Structure formats: structure tokens, C-alpha cells
Amino acid sequence: MRWVMITMAFTATVLNYLHRLSFNYLAADGPLRDLIPDDAFGYIATCFFIAYLVSNAVSGFVIDKLGTRLGYSICMAFWTTAGILHAVARLPVQFGIFRGLLGIGEAGNWPAAIKLTGEWFTPEERSTASGIFNSGSAIGAVVAPPLIAWLGTTYGWQATFIAIGVLGYLWLAIFWFTYYTPKSAVRQSKARLIPPAKLLKNRFVAGLTFSKVFMDPVWYFITFWIGRYLADVYGWNLAKIGWFAMFPFIVADIGNILGGLFTQWIIRKGVAIPKARKIAVGIFGLTMALSLLLGPFIITGPTGAIIILAIAGFGYTAYTANTMAMPADVVPPSATASVWGVASVGAGLGGAIFQSVSGVTVKNLSESFNYAFAYKTVFIGYGIIALIGLSIVLFMTGPLVRSTELQDYVDQDEALTVS
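Residues numbered from 1 in each chain as written. Predicted model: local features only at pLDDT ≥ 70, side-chain atom pairs only at ≥ 80, totals over all residues. Heavy atoms only, no water.

1. Observations concerning the overall build of the protein
Inclusion rule: In this text, helices come from DSSP runs of H or I with a minimum length of four residues, and strands from runs of E with a minimum of two, each type numbered from the N-terminal end. As defined in this context, the radius of gyration uses C-alpha atoms, and a globule is described by 2.2 Å times the residue total to the power 0.38. Note on exposure labels: buried denotes an accessible area under 20% of the residue type's maximum, exposed denotes more than 50%, and partly exposed covers the range between, all computed with a 1.4 Å probe on protein chains only. Contact definition: two residues touch when any of their heavy atoms are within 4.5 Å. Using the Shrake-Rupley algorithm and a 1.4 Å probe, accessible areas are obtained, with residue cover drawn only from the displayed protein chains. Positive charges are assigned to Lys and Arg, negative charges to Asp and Glu, while His and the chain termini are left out of the count. All charge positions are set by atom: Lys at NZ, Arg at CZ, Asp at CG, Glu at CD.
What the protein contains, in helices and strands, is 19 helices and zero strands. Here the protein has a C-alpha radius of gyration of 20 Å; the compact-globule value for 419 residues is 22 Å, and the two agree. Counting all 419 residues of the protein, 59% fall into the buried class. A fraction of 86% describes how many contacts in the protein between residues 6 or more apart in sequence connect residues 24 or more apart. Looking at the protein as shown, the accessible area adds up to about 15400 Å², and 70% of this sits on carbon and sulfur atoms. Of the side-chain charges in the protein, 27 are positive and 19 negative, and the distance between the mean point of each set is 4 Å.

Right, here's the structure in full:
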């Protein structure tokens, strides 16, 4: 059953990214492109990430409180409904509102999936399991370009939003009647919740949160801007983007799996779990950063650009497969969703800041120089912030071992209950 459960988390993540990316591709070419200029596109993305930030501050705690089944279901219902509402938007401000609602719902996917993974998989297997469910983000990004291009050009952008929403409601029905918490994890899943202020005093939680301010926006840039990049710099239309933009995400999906398997392999070779996690994030994080820093000096056409984005995406997903396994190594099982939710506040903050910066940079530099120069500048900027995020994870999170302070906090409540 654990493979059934991780498949449900994987599928939810695919749908999450279909909703997240549908607007981005539909706005790259066609009727929505005329309505949404570059700076407005960046601001609309910022609306998503501000809401994502706020929701992450509470979503993990709500999921830990309600349990995986109810918490995950509420998140899916909320973001699916928000996605469908895009079909009635007609002005940039309306898209901004609905993108914000989408961000509120989508924020819960990762805390819920990480809680699910912690309930069903052993520590040695968690990086692989995390990579499997998180590969849904890359698969969603693979499926999105051709699917959205076909739906958009065939049936129109409104029907595209509605069709993707129907898939979300179907997942919700299947998950509700399938999921249960295994008996071995029931007691731990209902243990005392740890307040966010106490979690943030933990070195690991604070460091992970800070790192995501810089690391996650790199992936958001790749997924949100690849369509506009190919249209702006190389003149591609939506149909062509739909077929070729999937390649970086196919490679990124391989990173999700290989990143987890690599760590599992070196653990079996005798490397301690904490050391194995940091070796893996160091290798893959550096791969991502260097590809973006060196890319502008190598890219000579669309093929080179897609290859560089593919390498960066591979590095990010392999890195993330390992960071997603870290909370369960450090905090009690009852706090795994809470920790990832708190950490993802950093992701939302970074996304909000750097999406706006990207939009303004592309607009201003393209007007002063050209689109090619503007995007090369943005590539280098994201390479730099990736190095910052990686350094934080390697040197500021401390040892990846169970926090005795947090475990004692949970155990004290259990002792009081028993007495």
C-alpha cells in the first residue's frame, strides 16, 4: 500500500504543477499574451507567491492537526477550485487574485506529501520516496507544455482551466476513499504539535527556511519563465513551445529519482545518513548553480538554452529530493508537515521577491538592450542566489540528527497524558 500512497502524492504533485503552469504557458502566446505584459506577468506571479508564503505559515500545522487524509483533501479541493476560477478572469488584476487563491491551496501539497512519506517509509528510503512524489513537479512540467498548448489552441484558454480542474476533483474522490494512516504511525501522527516559534528556534529549521528564500526561486524561474523566454528571445509560438519546453523537465524528473537513489546507494555503502544527505545536496546544488552561471557564456541558440535549463533543473530536483528527507531526520513525526510548511514560507518569500525582480529586469533590460541580454543577466543572477542557498544548507543547518529538545517537548506532553 505504501506504493499506492506515494503514487497518490505523485499524482497530486503533477496536478499541482498543471494548475501552476497553465496560466504561464497560455500567457506566453495568443490572446492572454496581449493582455499580460512582462512586468504584469511578474507581478501576477508575485501574487501567487505572496499567498503561497502566507499559506505555508499555517498549512503544515493544519495538516499535522487534521491528519494527512483530511488535510491533503482540503488542499486539493481549494487549489482545484481556484484553478477553475481562472476561466472567468478578464483583467490582469483578476488573474492576480485567482493566482493568489491558487497559491493558498497549492502550498499544502508538499507538507502533506512529506507527512505521508514520513508515515509510510523508513529513513533510508525517504529520499527516494521524496524524489518519487516530487518528480510529479517535473512530470507536471513535462506534460503541461504540450497538453496546455493543445487544449489552448483547440478549445481556448477558458476551457483549458476547466479541464484541468476536473482532473483535480477526480483525484480528490479517489484519495478520500483510499488513504489511511498505517497503524505504526497513528500514535506518532497524533502527538503534540510544536509551535512555529519553537520550531524556528531550532538551527536546522531556521537554516532550511532561510535557504529556500534563495534556492526555490531558481526552479520557479525555470518553470514560470521558460515559455516567455523561448517566445521573447527565439520567437517561438505556443505550439512549438509546447513540444520542446518539456525537455528540461524530463531531465529534471530524472534528477528527482537519481538524487534519491544516489543518497540511498551511498548510505548502503556505509556513509552515515546525515553525511550522505549533505554530500548529495552539495553535488547537485553546485550542478544547478554552475549551469546558470556559465550558461550565458555558452548558449548560442535555443538548443543550448534548453540544455542549460535542463541541467539546472536536474540539479535542483536531485538536491530537493534530499532536502525533503531532512525534516523527518531531525524533528518528531508529528512536526514534519509543520517544518516543511515553515520552511516553504522562505520559498514563498523568495518567489515573491525574485519573480517581481525578474519581470522588472526583463522589461527594462530588453527595452535598453534586447531580450537575449536581459535573460542572460537573469540567468547569472539566479546562479548566484543558488550558491547562496546551497551555502546556507551546507553550513548553517547543523547536524542532521534527531533534535532531543523538540523530541523532549513532544514526549513531555505524552508523559502528562499517560499520567
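2. Some details on the environment of Gly108
On the secondary structure map, Gly108 appears in the loop between helix H5 (92-106) and helix H6 (109-120). When the C-alpha positions of Gly108 and Trp79 are compared, they lie 9.4 Å apart, and in sequence the two are 29 residues distant. Beyond its immediate chain neighbours, meaning those up to four positions away, Gly108 contacts Ser59, Ile63 and Cys75.

3. As for the confidence of the model for the protein
Where we set the bar: How sure the predictor is of each residue is captured by pLDDT, a score from 0 to 100.
The pLDDT averaged across the protein works out to 87; a share of 96% of its residues lies at or above 70. Across the protein, the element-wise mean pLDDT spans from 65 in helix H9 (residues 183-189) up to 96 in helix H18 (residues 371-396).

4. Section: the side chain of Asn256
With respect to the helices and strands, Asn256 occurs in helix H13 (residues 247-268). A residue is classified by how much of its surface remains accessible, and Asn256, at 0% relative accessible area, is buried. Discounting residues that sit within four places of it in the chain, Asn256 has contacts with Gly131, Asn134, Ser135, Ser137, Ala138, Thr317, Ala318 and Ala321.

5. Let's talk about the packing of helix H4 (residues 68-85) against H6
Our working definition: Simply put, an axis is a line fit to the C-alpha atoms, just over the touching stretch for a helix, and the angle between two N-to-C directions goes from 0 to 180 degrees. Any angle that is under 35 degrees is reported as roughly parallel, and any over 145 degrees as roughly antiparallel; angles of 65 to 115 degrees are reported as roughly perpendicular and all others as oblique. When the near helix sits turned anticlockwise from the far one by under a right angle, the crossing is termed left-handed; a clockwise turn instead gives a right-handed crossing. Side-chain classes follow a simple rule in which Ala, Val, Leu, Ile, Met, Phe, Trp, Tyr, Cys and Pro form the nonpolar group, Asp, Glu, Lys and Arg form the charged group, and the remainder, Gly included, forms the polar group.
Packing of H4 against H6 brings their axes to within 9 Å, and their N-to-C directions diverge by 155°. On the basis of their axis angle, the class for H4 and H6 is roughly antiparallel. The crossing of H4 and H6 is left-handed. Along its contact with H4, which presents Thr68, Tyr72 and Trp79, the element H6 presents Asn109, Ala112, Ala113, Lys115, Leu116 and Glu119. Per-class residue counts for the contact of H4 with H6 are five nonpolar, two polar and two charged.

6. Describing a nonpolar patch on the surface
Defined as follows: Put simply, a patch holds well-exposed residues, over 30% relative accessible area, that have no salt bridge, with like charges counted together within 9 Å and Val, Leu, Ile, Met, Phe, Trp or Tyr side chains within 5 Å. Salt bridge criterion: a side-chain nitrogen from Lys or Arg within 4 Å of a carboxyl oxygen from Asp or Glu.
Residues Val58, Val62, Leu66, Leu70, Ile74, Trp176 and Phe177 make up a contiguous nonpolar surface patch of about 640 Å² in total accessible area. When contributions to the nonpolar patch are tallied by element, the ones reaching two or more residues are helix H3 (38-66) and H4. No other element matches H3, which puts three residues into the nonpolar patch. Its location among the elements puts Leu70 in helix H4. Classification of Leu70 by relative accessible area gives partly exposed; the value is 33%.

7. Structural notes on the pattern of salt bridges
A side chain with one charge may pair with a side chain of the opposite charge, provided their charged atoms come close. Here the structure, examined in full by the defined rule, presents seven salt bridges. For Lys115, the salt bridge identified is with Asp64, shortest N-O distance 2.8 Å. Residue Lys115 is located in helix H6, and its partner Asp64 is located in helix H3; the two are separated by 51 residues in the primary sequence. With respect to burial, Lys115 and Asp64 carry one shared label: buried. Measuring nitrogen to oxygen at the nearest pair gives 3.3 Å for the salt bridge that ties Lys363 to Glu367. Of this pair, Lys363 and Glu367 both sit in helix H17 (residues 336-368), separated by four residues, roughly a single helical turn.

8. A few points about the nonpolar core
Our working rule: Here, nonpolar core refers to any group of buried Ala, Val, Leu, Ile, Met, Phe, Trp, Tyr and Cys residues whose side-chain atoms link them within 4.5 Å.
In this structure, Phe23, Tyr25 and Trp171 are the most contacted members of the largest nonpolar core, which totals 127 residues. The element that contributes the greatest number of residues to this core is helix H11 (residues 203-234), accounting for 17 residues. With near-sequence residues (within four places) excluded, Trp171 lies in contact with Met8, Thr11, Ala12, Leu15, Tyr72 and Met76.

9. Points about the packing of aromatic side chains
Defined as follows: Aromatic rings from Phe, Tyr and Trp, taking only the six-membered ring of Trp, are treated as a pair when their centres fall within 6.5 Å; an angle between ring planes under 30 degrees marks them as stacked, one over 60 as edge-to-face, and anything in between as tilted. By definition here, charges over rings are those cases where NZ of Lys or CZ of Arg is within 6 Å of the ring centre and within 35 degrees of the ring normal.
Evaluation of the coordinates by the stated rule reveals 38 aromatic pairs. Sitting above the plane of the Tyr17 ring, Arg20 keeps its charged end 4.7 Å from the centroid. If you follow Arg228 out to its NZ or CZ, it ends over the ring of Phe41, 4.3 Å from the centre.

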